[in-house]
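Here are the chains, one letter per residue:
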Amino acid sequence: MREAAFIKQNKQKWLDFEQQIFASKGSNPDELSSLYIHLINDLSYAQTYYPKSKTILYLNNLAAKSFQKIYKNKKEDKNELMYFFKTEVPLIVYNYRRYLAYAFTFFIVFTLIGALSAANDHKFVRLILGDYYVNMTLENIAKGNPLAVYKSGSNWGSHIGITINNLKVGLLSYIYGIFGGVGTVYILFKNSIMLGSFQYFFYEQEVFTESLKGIWIHGSMEIFAMVVEAMAGLILGASILFPNTLSRYNSLKQGMRDSIKIVISTFPFTIAAGFLEGYITRYSNVMPNWLSVGIIITTLSAISFYYIFYPKLVHNKLKSQNK
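By convention here, each chain's residues receive numbers from 1 onward along its written sequence. Local features are withheld for residues below a pLDDT of 70 in this predicted model, meaning they are given only at 70 or higher, and side-chain atom pairs are given and counted only at 80 or more; totals for whole chains, interfaces and linings count all residues. Side-chain measures here rest on the full set of heavy atoms in the structure, leaving out hydrogens and waters.

## Describing the side chain of H315
Strands are runs of DSSP state E lasting at least 2 residues, helices are runs of H or I lasting at least 4, and numbering of each runs from the N terminus. For H315, the position within the fold is in helix α12 (residues 289–321). For H315, a relative accessible area of 7% corresponds to the buried category. Residue contacts are counted whenever heavy atoms from the two residues lie within 4.5 Å of one another. With residues up to four places along the chain from it excluded, the contact list for H315 reads L43, N60, L91 and Y94. In this scheme, a residue with accessible area under 20% of its type's maximum is buried, one over 50% is exposed, and one in between is partly exposed, where area comes from a 1.4 Å probe on protein chains only.

Quick look at the structure:
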């Protein structure tokens, strides 16, 4: 069957389903469950025969919304906080997974631009990081302690200050997505350029290994969370630019509702990263290599699993339950 015929055949059913999902009252759970099974079948058919079609994104979004409405009161999920992190956010992330790919692509490209710029212009690092920071770091390197800046202040004070700053940056990155996603890309650009030039600076000073060992103890979760927050900002922007079958207002409401949940899900990782930076990173120079590498691998694995692999597991489990 041609895609146009497939859409024409099922369009009214999908629109009816969409109306029931967004209806605040009067939705029959049994009817919704029955329609949901039909929707999953249509989604599977579209993924098989029209793998590059935008219809898949539309049906994925409907599936996520319907799941949230049908199953949010399941007995096993009475704990709303548990349901939020265990089921709701992973399904949202899965349905918007291409935006995570976009955010990572921007991040990698911008970080490389920062590193290459620093490599080709010796003034670039000072332009980005500032003379004070560069001179202070050069002094620390000369003293044999390149990451001494992380030892300043008390553990508790550093943890609180760093966490608040990271939460602020993440929220700004998300909120600026309201400008069609351009503001989010700008915030990501600034931070990625800084990271690339920062890491090249340590490479140029021949302390690259020490910088990796220390910075990425907290950076694995901090940077990954920053990319996920950028993903949320891009979703917010896209909800305005590409409303699909919804009105622009309803599309914005849906995009905002979904994207803010993704942002909130990053808070535990951001807080954990602040704790590591305030309490652990400062001891990286005396820490055995196996321990620092172990912390980096563990933190990176945890956040990568939650945002990349776990959403697909939740989606597949739901799909199998409703066949």
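## Quick word on the pattern of salt bridges
Here, a salt bridge means any Lys or Arg side-chain nitrogen found within 4 Å of an Asp or Glu carboxyl oxygen. Across all of its chains, the model carries two salt bridges by this definition. For K261, the salt bridge is made with E88, and the minimal N-O distance between the two is 2.4 Å. Taken together, the residues K261 in helix α11 (residues 248–279) and E88 in helix α4 (residues 80–95) connect sequence positions 173 residues apart. For K261, a relative accessible area of 18% gives the class buried. Judged by its relative accessible area of 10%, E88 falls in the buried class.

## Some remarks on the nonpolar core
In plain words, nonpolar cores are sets of buried Ala, Val, Leu, Ile, Met, Phe, Trp, Tyr and Cys residues tied together by side-chain atoms within 4.5 Å. Membership of the largest hydrophobic core comes to 57 residues, with the highest contact counts inside it found for M231, I262 and Y307. Of all the elements, helix α10 (residues 208–241) adds the most residues to this core, at 15 residues. The residues contacting I262, other than those within four sequence positions of it, are I92, V93, V228, M231, A232, I235 and Y307. In terms of nonpolar packing, the next biggest core, distinct from the first, is built from 14 residues, V134, F201, F202 and V207 among them.

## Considering α4
Since the α-helix packs 3.6 residues into each turn, any two residues three or four apart lie on the same face. To obtain the bend at a residue, axes are fitted to the seven residues ending there and to the seven starting there, and the angle between these axes is taken. Where α4 bends most, the angle comes to about 35°, and this point is E88, followed within four residues by the proline P90. Along α4, the residues classified as buried are Y83, F84, T87, E88, V89, P90, L91, I92, V93, Y94 and N95.

## Focus: the side chain of E229
Within the fold, E229 resides in helix α10. One buried charged residue, E229, forms no salt bridge at all, with the nearest opposite charge on K168 at 14 Å. If we skip the residues at most four places from it in the chain, E229 touches G170, S173, Y174, T266 and T270. This count recognises Lys and Arg as positive and Asp and Glu as negative, with His and chain-terminal groups excluded.

## Focus: the packing of aromatic side chains
We call Phe, Tyr and Trp rings a pair once their centres come within 6.5 Å, taking the six-membered ring for Trp, and we label the pair stacked below 30 degrees between planes, edge-to-face above 60, and tilted otherwise. Taken as a whole and assessed by the stated rule, the structure comprises 21 aromatic pairs. Between Y306 and Y307 the ring centres are 4.9 Å apart and the planes differ by 85°, which places this aromatic pair in the edge-to-face class. Accessibility classification places Y306 together with Y307 in one group, the buried group. Aromatic ring contacts, followed pair by pair, group F104, F107, F224, F269, F305, Y306, Y307 and Y310 into a single cluster. Two limits define a charge over a ring: the Lys NZ or Arg CZ must be within 6 Å of the ring centre, and within 35 degrees of the ring normal. Lying across the ring of Y94, R97 places its NZ or CZ 4.0 Å from the centre.

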